[in-house]
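Here is what each chain is made of, one letter per residue.
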Amino acid sequence: MFPDDAACRSHLILGANSYGQLGLGHKEDVLVPQTLKDVSCKCQDIRSITGGGGHSAVITGAGELFVCGHNKEGQLGLNHTENVLCFTLCAALSGFCVQEVACGWDFTIILGGDGLVLSCGSNAFGQLGVPQISGPCLIPQKIESLKEKVVGIAAGLRHALAATESGLVFQWGTGMASRARRAHQGKSLPLFWTAKEPCEIKGLEDVKAKRVAAGSYHCVSLTGEGHLYVWGSNKHGQLVSKEIFLVEPKKIDTQFFSHEKIGAVWSGWTHLVAQTGLCLLLMQLIEAEAFGLKENGQKKTAGREGQACGEDIKVAAWITSHSSVLKNHLDKSRNTKEDVKCCCACLFLLAHLVED
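Described in the following lines is the structure provided in the data block. (Residues numbered from 1 in each chain as written. Predicted model: local features only at pLDDT ≥ 70, side-chain atom pairs only at ≥ 80, totals over all residues. Heavy atoms only, no water.)

1. Considering the overall build of the protein chain
Along the protein chain, the regular secondary structure elements total three helices and 23 strands. With 356 residues in all, the protein chain has 58% of them scored as buried. A total accessible area of about 15,000 Å² is found for the protein chain, and carbon and sulfur atoms account for 48% of it. (Helix = DSSP H or I, 4+ residues; strand = E, 2+ residues; numbered from the N terminus. Buried < 20%, exposed > 50% of the residue type's maximum accessible area, 1.4 Å probe, protein only. Areas by Shrake-Rupley, 256 points an atom, 1.4 Å probe, with all protein chains shown as cover.)

Quick look at the structure:
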């Protein structure tokens, strides 16, 4: 979320644009950051931006949801399956104040201000949390089995998470089940790995979650005490563990954060970014060549990352492959603390910043 003040806000986009997910009205890739000017809603009123496999979503200060990009599975919630090149109002949510949105590979999870959760798009892996839906869902549907008020949501490749007001964490979608089975060597898996509707996470009963985040094959929970719990794939070192896959949640040792409390956490497809009181830490071990990150306007980079920001930028999150191009633009903008937030989707990036 971003402050509701009168400052001049800019919205930067770059990267892959094969489905029009950058909202520019065309499908050409963007190699250097561009300002999003012709968005259908007022730029200065955008509260948050997020992206998925090939689609994007923005929430306005009035709680309206605008979407664009890939729509083959109806993930834009517009009651059709045509790709959309410009940010378009999701009319099906008229009167529904959107608080948060999470974009998966080909589905979307939507949280309302009243704590209700809706979903749309592909349900091939049960990622919508509505098992009675067999095909693509073109209009957002309420996840009825989430009885408690939800305060945070997240979407991975083909799974989703929700944190409730009482601090519980629920997971659904079977997209990680096969990896979990291989890692667990034939043993019985906790039920949440194979659930097609919200299932409480085993291993978090004694902590109170306040936020959740998800990558392609991993999950994160941030507690009210400022601790991080992670589970899922650790193929790229993003979970800071010696194990290649964590079947149950594991707390990240505070020594990795200089024993500071974590205030916020974000996730890309194969990396995590955690914010402490002093800086940002990027957890990632990635073979960039394997993912073709030298394409689509992104720098080809590999290796472990430590602190990922300077004194003049406190809240920012960008994957290594985007950082040099975006950071040069941000440095020129003279942004102040808590004025920058980026959303790294699969192969494109959206950034929201406030200029002095």
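2. Observations concerning the packing of aromatic side chains
The full count for this structure, using the stated rule, is three aromatic pairs. Centre to centre, the rings of phenylalanine 192 and tryptophan 193 are 5.1 Å apart; their planes meet at 40 degrees, and the pair counts as tilted. Relative accessible area serves as the criterion here: at 1%, phenylalanine 192 is assigned to the buried category. Note on tryptophan 193: relative accessible area 0%, which makes it buried. Ring geometry for tryptophan 193 and phenylalanine 245: centres 5.4 Å apart, planes at 50 degrees, overall tilted. Highlighted residues: tryptophan 193 in the loop between helix 1 (177-184) and strand 14 (199-200) and phenylalanine 245 in strand 18 (residues 245-251), separated in sequence by 52 residues. The pair tryptophan 193 / phenylalanine 245 is uniform in exposure class, with both members buried. A network of ring pairs unites the aromatic residues Phe192, Trp193 and Phe245 as a single cluster. (Phe/Tyr/Trp six-rings, centres within 6.5 Å; stacked < 30°, edge-to-face > 60°.)

3. Examining the side chain of threonine 174
Inspection of the secondary structure puts threonine 174 in the loop between strand 13 (169-172) and helix 1. Residue classification places threonine 174 among the buried positions, given a relative accessible area of 18%. Those residues in contact with threonine 174 that lie beyond four places of it in its chain are Phe125, Arg158, Trp193, Thr194, Ala195 and Lys196. (Contact = heavy atoms within 4.5 Å.)

4. Description of the pattern of salt bridges
Taken as a whole, this structure holds three salt bridges when the rule is applied. A salt bridge links arginine 211 to glutamate 100, with the shortest nitrogen-to-oxygen separation between them at 2.9 Å. You can see arginine 211 sitting in strand 15 (residues 209-214) and its partner glutamate 100 sitting in strand 7 (residues 98-103), a full 111 residues away along the chain. By relative accessible area, which is 31% here, arginine 211 ends up partly exposed. On the accessibility criterion, glutamate 100 (11% relative accessible area) is buried. One salt bridge in this structure joins lysine 142 and glutamate 144, with 3.7 Å as the shortest N-O distance. Given a relative accessible area of 47%, glutamate 144 falls into the partly exposed group. (Salt bridge = Lys/Arg side-chain N within 4 Å of Asp/Glu carboxyl O.)

5. Some details on the sheet that holds strand 12 (residues 160-164)
Spatial strand order, 11-12-13-14: four strands in an open sheet with antiparallel pairing. Two strands in the sheet have a free side with no partner beyond their single neighbour: strand 11 (150-155) and strand 14. Pairing between strand 13 and strand 14: two bridges, direction antiparallel. Considered in strand 14, the bridge of glutamine 171 is made with cysteine 199. (Pairing = 2+ DSSP bridges.)

6. Quick notes on the sheet that holds strand 7
As summarised here, the arrangement of the four strands in space is 7-8-9-10, forming an open sheet in which the pairing is antiparallel. Edge positions in the sheet fall to strand 7 and strand 10 (137-142), since each of these pairs with one other strand and no more. For this sheet, the mean angle separating the axes of adjacent strands, direction not counted, is 15 degrees. Where strand 9 (residues 117-121) meets strand 10, three bridges bridge the pair, whose relative direction is antiparallel. Each bridged residue has a counterpart across the sheet, and for leucine 118 the counterpart in strand 10 is lysine 142. (Axes fitted to C-alpha atoms, helices over the stretch in contact; angles between N-to-C directions.)

7. Regarding the nonpolar core
Buried together is how nonpolar side chains tend to be arranged in soluble globular proteins. In terms of nonpolar packing, the biggest core is built from 37 residues, with Leu161, Val169, Trp193, Val220, Leu228, Val230 and Trp231 touching the most fellow members. Counting only elements with at least two residues in this core, the list comes to strand 12, strand 15, strand 16 (218-223), strand 17 (228-233), strand 18 and strand 20 (272-275). Those residues in contact with valine 220 that sit more than four places away from it in its chain are Leu161, Arg211, Val212, Ala213, Leu228, Tyr229, Val230, Trp231, Val265 and Leu272. Among the nonpolar cores identified, the runner-up in size contains 21 residues, and Val58, Val84, Phe87 and Cys90 belong to it. (Core = buried A, V, L, I, M, F, W, Y, C linked by side-chain atoms within 4.5 Å.)

8. Here's the deal with unusual backbone geometry
For residues that are not glycine, phi is negative in most cases, and the peptide bond is trans in most cases. Phi at serine 258 is positive, roughly 55 degrees, even though this residue is not glycine. Of note, serine 258 is situated in the loop between strand 18 and strand 19 (264-267).

9. Quick word on the environment of glycine 54
Along the chain, glycine 54 falls in the loop between strand 3 (46-51) and strand 4 (55-60). On the basis of relative accessible area, glycine 54 is assigned to the buried category, the value being 2%. Along the sequence, glycine 54 and aspartate 106 sit 52 residues apart, while their C-alpha atoms lie 7.6 Å from each other.

10. Side note on the pairing of strand 9
In regular strands, side chains alternate between the two faces of the sheet. Counted residue by residue, strand 9 has five buried out of five residues, so it is predominantly covered. Every second residue of strand 9 is oriented toward a common face, with Val117, Ser119 and Gly121 on one face and Leu118 and Cys120 on the other, all of them buried. Where strand 8 (residues 107-112) and strand 9 come together, five bridges link them in antiparallel fashion. Looking at strand 9, one finds that leucine 111 is bridged to valine 117. Once strand 8 ends, the chain turns through four residues before running back antiparallel as strand 9, passing glycine 115 with a positive phi of about 90 degrees.

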